[in-house]
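Secondary and tertiary structure notes
Here is how the chains run, residue by residue.
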Amino acid sequence: MSRFADRLRRTVARRFLVALRRATHRLPARLRALQKERVLVIAPHLDDEAIPCGGTLLLHAGLGSDAHVVFTTDSAGVSDEPTARQALRDLRRREAAAAKRILGYGSDEMYDFPDGRLVRHEDALRQRLVGSVRTFAPTQILCPFPADSHADHQATALATAHAVAAVGFSGEIWAYEVWTTLWPNVGVDISSVAADKQRAIACYASQLDDRDYVAAVMGLNRYRGLQHRVEFAEAYYVCSAREFGALAANLDRIP
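A brief structural summary. Positions within a chain are numbered from 1, following the residues in the order the chain's sequence is written. Predicted model: local features are reported for residues with pLDDT of at least 70 only, side-chain atom pairs are reported and counted for 80 or more only, and whole-chain, interface and lining totals are derived from all residues. Hydrogens and water are ignored here; the side-chain numbers use all heavy atoms of the structure.

**Regarding the nonpolar core**
Buried residues of nine kinds, namely Ala, Val, Leu, Ile, Met, Phe, Trp, Tyr and Cys, make up a nonpolar core once their side-chain atoms join them within 4.5 Å. Type-normalised accessible area, obtained with a 1.4 Å probe on protein chains alone, sets the label of each residue: buried when under 20%, exposed when over 50%, and partly exposed for intermediate values. Ranked by internal contacts, the top residues of the largest apolar core, which has 38 residues, are Leu142, Trp174, Val188, Ile201 and Tyr236. Excluding residues that lie within four positions of it along the chain, Val188 makes contacts with Leu31, Arg32, Leu34, Thr56, Leu59, Trp174, Phe232, Ala233, Glu234 and Tyr236. Tyr111, Leu129, Ala157 and Val164 belong to the second largest nonpolar core, which has 31 residues in total. Contacts between residues were defined by any pair of non-hydrogen atoms, one from each residue, lying within 4.5 Å.

Structure follows, in structure tokens:
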């Protein structure tokens with residue numbers, strides 16, 4: 001076979017594979033039933049365990065899954081006044097405790113990195129996450145999708161990618177949506193626990209003064225459910241640790 005013919009064959013084959021990948025990635029997300037797991041939820045703020053994946057946590061509680069939640073920031077707001085920051089931090093911890101009683105997960109950790117400034121602490125965050133992943137030994141990790149528009153969520157996603165690579169985590173990463181909707185490949189039917197998820201989000205009264213998270217999030221879950229003909233669904237991009245690392249690496253390539 002001539003060089004020209006060989007190049008042509010490879011070009012045609014590559015175009016076919018690219019077209020096939022694009023086509024398959026445009027197929028609707030599939031509804032997936034949960035199984036009993038060891039679930040690690042990595043949440044940038046106190047409420048990010050309830051808003052994007054509270055229904056999934058509730059379903060895991062019903063299955064008897066062991067679930068551990070890591071909160072990476074102190075959720076103390078962006079005020080430079082120490083007294084105000086401490087007051088909000090304490091209030092949100094009380095709110096998180098109330099939400100935990102509804103969501104039914106087993107344990108949590110508070111890393112207390114500064115809210116809104118997590119990008120300055122990515123190396124320390126990665127080290128903490130390495131310890132948590134090794135200690136808890138999850139089979140499934142829920143964390144922010146790397147392209148989420150909040151800087152703390154991006155920093156959490158990138159640190160998670162580095163941590164799971166360092167540990168050699170071989171389970172699935174379930175990337176959730178908060179401030180930026182994602183292109184999901186998995187949906188979870190949360191219709192049976194939607195009312196409890198709504199109650200859990202409502203526990204964060206300090207966050208509801210100027211933004212109706214309850215209506216917004218449950219509206220998004222209702223919209224996600226339309227695709228699967230269920231009342232409410234949570235959406236995820238589920239992938240391997242290696243693929244998640246490749247996605248998160250793009251955060252350092254943005255010009």
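Next comes the rest of the description.
**Details of the environment of Ala246**
Relative to the helices and strands, Ala246 resides in helix 8 (residues 241–249). For Ala246 and Leu158, which are 88 residues apart along the polypeptide, the C-alpha to C-alpha distance reads 10.0 Å. Each helix is a run of DSSP H or I of at least 4 residues and each strand a run of E of at least 2, with the numbering of both proceeding from the N terminus.

**As for the pattern of salt bridges**
Here a salt bridge means any side-chain nitrogen of Lys or Arg lying within 4 Å of a carboxyl oxygen belonging to Asp or Glu. Applying the stated criterion across every chain, the model contains 12 salt bridges. Of the charged contacts in the structure, one is a salt bridge between Arg92 and Asp47, with a shortest N-O distance of 3.2 Å. One end of the pair, Arg92, is in helix 3 (residues 82–103); the other, Asp47, is in the loop between strand 2 (38–43) and helix 2 (54–63), with 45 residues separating them in the sequence. Of the two residues, Arg92 and Asp47, both sit in the buried class.

**Digging into helix 3**
Taking 1.5 Å as the rise per residue, helix 3 with 22 residues should run 32 Å; its terminal C-alpha atoms sit 31 Å apart, in good agreement. Considered for burial, the residues of helix 3 that qualify are Arg85, Arg89, Arg92, Glu95, Ala96, Ala99, Ile102 and Leu103. Buried residues along helix 3 cover an arc of 135° about the axis, so they all sit on one side. Within helix 3, the exposed residues directed more than 90 degrees away from the buried face are Thr83, Arg94 and Arg101. Buried residues along helix 3 sit against helix 2, strand 4 (107–113) and helix 6 (194–202). Two to three positions downstream of the cap, the backbone nitrogen of Thr83 sits 3.1 Å from a side-chain oxygen, assigning the N-cap of helix 3 to Glu81. Positive phi shows up at Gly104, right after helix 3, with a value of about 80°. One less than the residue count of a helix, multiplied by 1.5 Å, gives the span that helix is expected to have. When we speak of the arc, we mean the arc of directions from the helix axis to the C-beta atoms. Whenever a nitrogen or oxygen atom comes within 3.5 Å of another N or O atom, the pair is scored as a polar contact, on the condition that within protein one atom can donate a hydrogen and the other can accept it, and that pairs from neighbouring residues in sequence are kept only if both atoms are in side chains.

**Observations concerning the packing of aromatic side chains**
Here the aromatic set is Phe, Tyr and Trp, taking the six-membered ring for Trp, and pairing holds for ring centres within 6.5 Å; pairs whose planes are under 30 degrees apart are stacked, those over 60 apart are edge-to-face, and all others are tilted. Counted according to the given criterion, the structure contains 4 aromatic pairs. Considering the side-chain rings of Phe145 and Tyr237, the 6.0 Å spacing of their centres and the 70° angle between planes classify their relative orientation as edge-to-face. With Phe145 in the loop between strand 5 (140–144) and helix 5 (151–167) and Tyr237 in strand 8 (residues 233–240), this pair connects stretches of sequence that are 92 residues apart. Across this residue pair, the class does not change: Phe145 and Tyr237 are buried. Look at Trp174 and Tyr236: their rings are 5.2 Å apart centre to centre, the planes differ by 70°, and that puts the pair in the edge-to-face class. Of this pair, Trp174 sits in strand 6 (residues 172–176) while Tyr236 sits in strand 8; the two residues are 62 residues apart in sequence, bridging distant segments of the chain. Grouping residues by exposure puts Trp174 and Tyr236 together as buried. To sit over a ring, a charge needs its Lys NZ or Arg CZ within 6 Å of the ring centre and within 35 degrees of the ring normal. One Lys or Arg, Arg38, reaches over the ring of Phe136 and ends 4.2 Å from the middle of that ring.

**Focus on the side chain of Thr56**
You can see Thr56 is positioned in helix 2. There is a polar contact of 2.6 Å between the side chain of Thr56 and the side chain of Glu234. When neighbours within four sequence positions are excluded, Thr56 is seen to be in contact with Leu34, Leu142, Val188, Ile190, Glu234 and Tyr236.

**Digging into the environment of Glu49**
Residue position: Glu49 is located in the loop between strand 2 and helix 2. Residues contacting Glu49, with those up to four places away along its chain left out, are Val41, Ala43, Gly54, Leu57, Val69, Phe71, Ala99, Leu103, Tyr105 and Tyr204. Only 3.0 Å separates the side chain of Glu49 from the backbone nitrogen of Asp47, close enough to count as a polar contact.

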